[in-house]
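Listed below, chain by chain, are the residues.
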Amino acid sequence: GTLYLFHNGTGPPPPDAKFVVPTLRTLVNISGTQWNPVTNVTHSGITFTATRYTYLDPHFVPSAGDWALDRNGAVFVQGTENVVFDNCTFDRLDGNAVMISGYNRNATVQNSDLSYLGGNAIAAMGYTNETRTDPGRPGVILANHPQAGVDGTDGEHPRYTTVTGCTARE
């Protein structure tokens, strides 16, 4: 087939213009568990760009309320301790830039620029004990479901997360 590109601007596109078709939703996945966390990882001065849209991916309702969030991100961290993103650029991502999911302790995003995002700049979302199992934690059986209801006492949520010196725009 033929793909037609109609430049949205005055005059022809610049001769060095690039056409990018993103296919990945996650560029960096740092995943461990509460019992075997990934520790002391630092990314500094990296540019993250061009992820696919996630608008129609499964969403989770974290507070049993009237809003939902997709548990995806160009950078996805779960089961970590002391993970740092410093002086990074998150640009033109069609979903969340950073998802801090489940068990995380002392995650830091600092001195970074986040722009032209299709979702949240930085989101932190834990798990609750409301169901027997959770797709985000394969093999984990929750002993006190459903009696616990929306219960975050098992530690499967981010704590001591720091976001400082960042800009989020457009």
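Residues numbered from 1 in each chain as written. Predicted model: local features only at pLDDT ≥ 70, side-chain atom pairs only at ≥ 80, totals over all residues. Heavy atoms only, no water.

Undergrad: Looking at this model, I keep getting lost on the sheet that holds strand β12 (residues 167-169). Mind explaining?
TA: The strands making up a sheet associate through hydrogen bonds between their backbones, and the pairing can be parallel or antiparallel. Strands sit in the order β3-β5-β8-β12 across an open sheet of four strands; the sheet is parallel. Unpaired on one side and paired on the other, β3 (47-51) and β12 mark the two borders of the sheet. Here the average twist between neighbouring strands, direction ignored, is 10 degrees. Bridge count between strand β5 (residues 89-93) and strand β8 (residues 113-117): four bridges; the pairing is parallel. Bridging across to β8, phenylalanine 90 finds its partner in leucine 114. (Pairing = 2+ DSSP bridges. Helix = DSSP H or I, 4+ residues; strand = E, 2+ residues; numbered from the N terminus. Axes fitted to C-alpha atoms, helices over the stretch in contact; angles between N-to-C directions.)

Undergrad: What am I meant to see in the environment of phenylalanine 76 here?
TA: Relative to the helices and strands, phenylalanine 76 resides in strand β4 (residues 75-86). Measuring from C-alpha to C-alpha, the distance between phenylalanine 76 and valine 28 comes to 6.3 Å, with 48 residues separating the pair along the chain. Leaving out residues up to four positions away in the same chain, phenylalanine 76 has contacts with Thr26, Val28, Asn29, Ile30, Ser31, Arg71, Met99 and Ser101. (Contact = heavy atoms within 4.5 Å.)

Undergrad: Please clarify how the nonpolar core should be interpreted in this entry.
TA: Within soluble globular proteins, side chains that are nonpolar tend to cluster in buried spots. Grouped together as the largest cluster of nonpolar side chains are 18 residues, with contacts concentrated most on Phe48, Val75, Val77, Phe85, Phe90, Ala97 and Val98. Looking at this core, the elements with two or more residues in it are β1 (28-31), β4, β5, β6 (98-105) and β8. No other element matches β4, which puts four residues into this core. Sequence-distant contacts of valine 77, that is, excluding residues within four places in its chain, are made with Ile30, Val83, Phe85, Met99, Ile100, Ser101 and Asn104. Core analysis: the next-biggest nonpolar cluster, separate from the first, contains five residues, Phe76, Met99, Ala123 and Met125 among them. (Core = buried A, V, L, I, M, F, W, Y, C linked by side-chain atoms within 4.5 Å. Buried < 20%, exposed > 50% of the residue type's maximum accessible area, 1.4 Å probe, protein only.)

Undergrad: Teacher, can you tell me more about the side chain of aspartate 57 here?
TA: Considering the arrangement of structural elements, one finds aspartate 57 in the loop between β3 and β4. A polar atom in the side chain of aspartate 57 sits 3.4 Å from the side chain of arginine 52. A distance of 3.2 Å separates the side chain of aspartate 57 from the side chain of asparagine 72, its partner in a polar contact. (Polar contact = N/O pair within 3.5 Å; in protein donor to acceptor, adjacent residues only side chain to side chain.)

Undergrad: Would you mind going over the state of the cysteines with me for this structure?
TA: By definition, a disulfide links the sulfur atoms of two cysteines through a covalent bond. Counted according to the given criterion, the structure contains zero disulfides. For the unlinked cysteine cysteine 88, the closest cysteine sulfur is that of cysteine 166, found at 9.2 Å. Since its relative accessible area comes to 1%, cysteine 88 is described here as buried. (Disulfide = S-S within 2.5 Å.)

Undergrad: Explain unusual backbone geometry to me, please; I cannot follow it from the model alone.
TA: Note: most residues except glycine have negative phi, and most peptide bonds are trans. We note that asparagine 111 has phi near 55 degrees; this positive angle belongs to a residue other than glycine. Within the secondary structure layout, asparagine 111 lies in the loop between β7 (108-110) and β8. Of note, the phi angle at tyrosine 160 is positive, near 60 degrees, even though the residue is not glycine. Tyrosine 160 gets classed as exposed once you look at its relative accessible area, which sits at 58%.

Undergrad: What exactly am I supposed to notice about the pattern of salt bridges here?
TA: In a structure, side chains of opposite charge can pair up when their charged atoms sit close to one another. With the rule as written, the count across this model stands at five salt bridges. Ionic pairing is found between aspartate 57 and arginine 52, a salt bridge with its closest N-O pair at 3.4 Å. Owing to a relative accessible area of 22%, arginine 52 belongs among the partly exposed residues under this scheme. The salt bridge partner of aspartate 91 is arginine 92, with a shortest N-O separation of 4.0 Å. Judged by relative accessible area, which is 48%, arginine 92 ranks as partly exposed. One salt-bridge network, held together by shared partners, links Arg25, Arg52 and Asp57. (Salt bridge = Lys/Arg side-chain N within 4 Å of Asp/Glu carboxyl O.)

Undergrad: Would you mind going over the side chain of aspartate 70 with me for this structure?
TA: Checked against the element boundaries, aspartate 70 lands in the loop between β3 and β4. Despite its burial, aspartate 70 pairs with no opposite charge; the closest candidate is arginine 25, at 6.9 Å N-O. Those residues in contact with aspartate 70 that lie beyond four places of it in its chain are Thr54, Pro58, His59, Asn96 and Met99. (Lys, Arg positive; Asp, Glu negative; His and termini not counted.)

All quantities given are derived from atomic positions and should not be read as evidence of function.
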